[in-house]
Amino acid sequence: MKTNILTAAAVSFLTMTTFAQKDQVKNAEDAIEDKNFTEAKAQLKVAEANLSELNDKWQERFYLYKGKAYSSGNPTNEDVQTAAMAYAKAVELGNEDASAALTKMKNDLINSAIEDQGKEDYKSAADKLYTSYQISKQDTVYLYYAANNLVNAQEYGKAVEYLEELSDLGYDGSGKSYTAVNIETGEKENMGSKEQMDLMVKTGQYKDPKVEPIPSKKGEIASLVARIYINQEQYDKAIESIDAAKAANPNDVDLLLSEANMYYQMGEKEKAISILEEAGNMDKSNPGVYNNIGLMYAEIDNTEKAVESYKTALEIDSEYNEARINMVAAMLGEERALIDEMNNLGMSKKDNARYDELDAQRKDLYKKVLPYLEKAMEVDPENKEIVKTAMNLYTNLDQQEKADSLKDRL
């Protein structure tokens, strides 16, 4: 008889506890509606102590409100992570509102991380990208980008942890991107999947759907690991990292580019060039390889070979404007010596004659460069630096009408 009384009392106590928890969840909902997020968090913290005693429907509500409470106001990165995990749990329990909120939160995190990168706040960008990865573990690319940002923030230990996690996951980075153009904004947006892309195009809000291959990032990852070791002056480990990646992927041109970049960072520019030329022989259809070869030659002041490499890149792809701009920079680099000599001349008749000679050479250089600049403006009309450079050359060549037209464009 006593046992029955005790059991009844225990049941009564549990029922009262459950009612109290439900009240706390409801109170949290009311506090959120009143924008009193501190109170909402306090109510939820009390309810969480005995959360397992609530049924699934109430647990679903608990996690939804927890997500809302921690993602509202001025959340810290830690708050956002807490909110994301709560929303994810609510989604597991079948809550559609949490699913939509989680998707929005992920997009907001990624956009905010991009803004942080622009402000060179790499640590904050890394935290947000890592949270994006935790929200959706299949999106390993965000873990990769988080590692990149940590390298830029010089947080090398954590960066290596992320890269090792990617390695354990067998991350390759290759795949396909599904994009479409937002008709209202004119911006190309990533749709995430073919199904989503097709669906959004059917709504009439998007057009120009495209499926494009995403190349492997193994070379970039090897380069990133090598860069970490180089920054730590652990050159043996850097070489070991690249060599291991090359052994596993002997025909990967990107790995050769990474190796060349590694030796370049180590100050071994001639070795870097020989590796780049090897890459050029391996893939004669890749303008980026020849562009990088040109950059290396420019670094060792071999302008002739640099220009030759840039021209090869443009023969492969005439729209590869990066090589064209680098070629213009290399050619105009010869101007410095002419100007220095002109500035050091005196006022004698002989010096004046030499000045005129050098000035003529400078103008001949401008005339050689202008066709490439004009083509660069045609390919990328929004690039202000190209326009400014062309405007200055026109002015120096007394082609004021052309200079004024570019000034109007600016």
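It should be noted that the structure appears before, not after, this text.
Read on for an overview of the structure.

## Notes on the packing of helix α6 (residues 122-135) against helix α7 (residues 141-152)
So, point 1. Axis separation between α6 and α7 bottoms out at 8 Å; the angle between their running directions is 165°. Relative to α7, the element α6 is oriented roughly antiparallel. The handedness of the crossing between α6 and α7 is left-handed. Side by side, α6 and α7 meet where Tyr 122, Lys 123, Ala 125, Ala 126, Leu 129, Tyr 130, Ser 132 and Tyr 133 of the first sit next to Tyr 142, Leu 143, Tyr 145, Ala 146, Asn 149, Leu 150 and Asn 152 of the second.
So, point 2. Its residues placed into classes, the contact of α6 with α7 shows 11 nonpolar, three polar and one charged.

## Some words on unusual backbone geometry
So, point 1. Even without a glycine there, the phi angle at Glu 120 is positive, about 65°.
So, point 2. By the element assignment, Glu 120 lies in the loop between α5 (96-118) and α6.
So, point 3. Its identity as a non-glycine residue notwithstanding, Glu 233 has a phi of 60°, on the positive side.
So, point 4. By secondary structure assignment, the location of Glu 233 is in the loop between α10 (218-231) and α11 (235-248).

## Observations regarding the sheet that holds strand β1 (residues 175-182)
So, point 1. The strand order β2-β1-β3 describes an open sheet built from three strands, whose pairing is antiparallel. Each edge of the sheet is formed by a strand with only one pairing partner; in this case those strands are β2 (188-190) and β3 (206-214). Between one strand axis and the next, the sheet turns through 30° on average, direction left out of account.
So, point 2. By the bridge criterion, seven bridges tie β1 to β3 in an arrangement that is antiparallel. Across the sheet, Lys 176 pairs through a bridge with Pro 213, a residue of β3.

## A closer look at α7
So, point 1. Helix length check: α7 (12 residues) gives 17 Å between terminal C-alpha atoms against 16 Å at 1.5 Å per residue, within 8%.
So, point 2. Every buried residue belonging to α7 is among Tyr 142, Leu 143, Tyr 144, Ala 146, Ala 147, Asn 149, Leu 150 and Val 151, and all of these are buried.
So, point 3. For α7, the elements touching its buried residues are α5, α6, α8 (156-168) and α10.
So, point 4. Immediately downstream of α7, the backbone of Gln 154 shows phi near 65°, a positive value.

## With respect to the environment of Lys 368
So, point 1. Relative to the helices and strands, Lys 368 resides in helix α18 (residues 349-379).
So, point 2. Residue Lys 368 is classed as exposed on the basis of its relative accessible area, which comes to 56%.
So, point 3. In the structure, Lys 368 is positioned 37 residues away from Met 331 in sequence and 8.7 Å away in space, judged by C-alpha atoms.

## Considerations on the nonpolar core
So, point 1. Core analysis: the biggest nonpolar cluster contains 78 residues, and Tyr 162, Leu 163, Ile 228, Met 262, Val 369, Leu 373 and Leu 406 have the highest contact counts within it.
So, point 2. With eight residues, α10 is the single largest residue contributor to this core.
So, point 3. Beyond its immediate stretch of four places on either side in the chain, Tyr 162 contacts Tyr 130, Leu 143, Ala 146, Ala 147 and Leu 150.
So, point 4. Membership of the second largest hydrophobic core comes to 29 residues, among which are Ile 32, Ala 40, Tyr 87 and Leu 109.

## Here's the deal with the packing of aromatic side chains
So, point 1. Evaluated as defined, the whole model comprises five aromatic pairs.
So, point 2. Look at Phe 62 and Tyr 63: their rings are 5.1 Å apart centre to centre, the planes differ by 80°, and that puts the pair in the edge-to-face class.
So, point 3. For Tyr 63, a relative accessible area of 14% translates into the label buried.
So, point 4. Taking 5.9 Å as the distance between ring centres and 50° as the angle between the ring planes, the aromatic pair formed by Tyr 130 and Tyr 133 counts as tilted. Of this pair, Tyr 130 and Tyr 133 both sit in helix α6, three residues apart, roughly one helical turn. Tyr 133 shares its class with Tyr 130; the two are buried.
So, point 5. By the ring-pair criterion, three or more aromatic residues cluster together here, those being Tyr 130, Tyr 133 and Tyr 162.

## Things to note about helix α2 (residues 37-48)
So, point 1. Here α2 is 12 residues long and its end C-alpha atoms lie 16 Å apart, about the 16 Å a rise of 1.5 Å per residue gives.
So, point 2. The complete set of buried residues in α2 reads Phe 37, Ala 40, Gln 43, Leu 44 and Ala 47. Looking down the long axis of α2, one finds its buried residues gathered within 120° of arc, a one-sided arrangement. Exposed and oriented more than 90 degrees from the buried face of α2 are Thr 38 and Lys 45.

## A few points about the pairing of β1
So, point 1. A large share of β1 lies buried, amounting to six of its eight residues.
So, point 2. As paired strands, β1 and β2 are joined by three bridges and run antiparallel to one another. Within β2, the residue paired with Val 181 across the bridge is Lys 188.
So, point 3. As consecutive antiparallel partners, β1 and β2 are separated by five residues, and within that stretch Gly 186 has a phi angle of approximately 80°, a positive value.

## Quick word on the packing of α11 against helix α12 (residues 253-265)
Between two packed helices, the angle of one axis relative to the other and the distance separating the axes together describe the packing.
So, point 1. It is at 10 Å that the axes of α11 and α12 come closest, and there the two elements cross at 170°. In this view, α11 runs roughly antiparallel relative to α12, as classed from their interaxial angle. Where α11 crosses over α12, the two elements pack in a sense that is left-handed. When α11 is examined against α12, the residues Ala 238, Ile 239, Ile 242, Asp 243, Ala 245 and Lys 246 are found in contact with a partner set consisting of Leu 255, Leu 256, Ser 258, Glu 259, Met 262 and Tyr 263.

Conventions and cut-offs
Residues numbered from 1 in each chain as written. Predicted model: local features only at pLDDT ≥ 70, side-chain atom pairs only at ≥ 80, totals over all residues. Heavy atoms only, no water. Axes fitted to C-alpha atoms, helices over the stretch in contact; angles between N-to-C directions. Helix = DSSP H or I, 4+ residues; strand = E, 2+ residues; numbered from the N terminus. Parallel < 35°, antiparallel > 145°, perpendicular 65-115°, else oblique. Left-handed = near helix turned anticlockwise from the far one by under 90°. Contact = heavy atoms within 4.5 Å. Nonpolar A, V, L, I, M, F, W, Y, C, P; charged D, E, K, R; others polar. Pairing = 2+ DSSP bridges. Expected span 1.5 Å × (residues − 1). Buried < 20%, exposed > 50% of the residue type's maximum accessible area, 1.4 Å probe, protein only. Core = buried A, V, L, I, M, F, W, Y, C linked by side-chain atoms within 4.5 Å. Phe/Tyr/Trp six-rings, centres within 6.5 Å; stacked < 30°, edge-to-face > 60°. Arc of directions from axis to C-beta.

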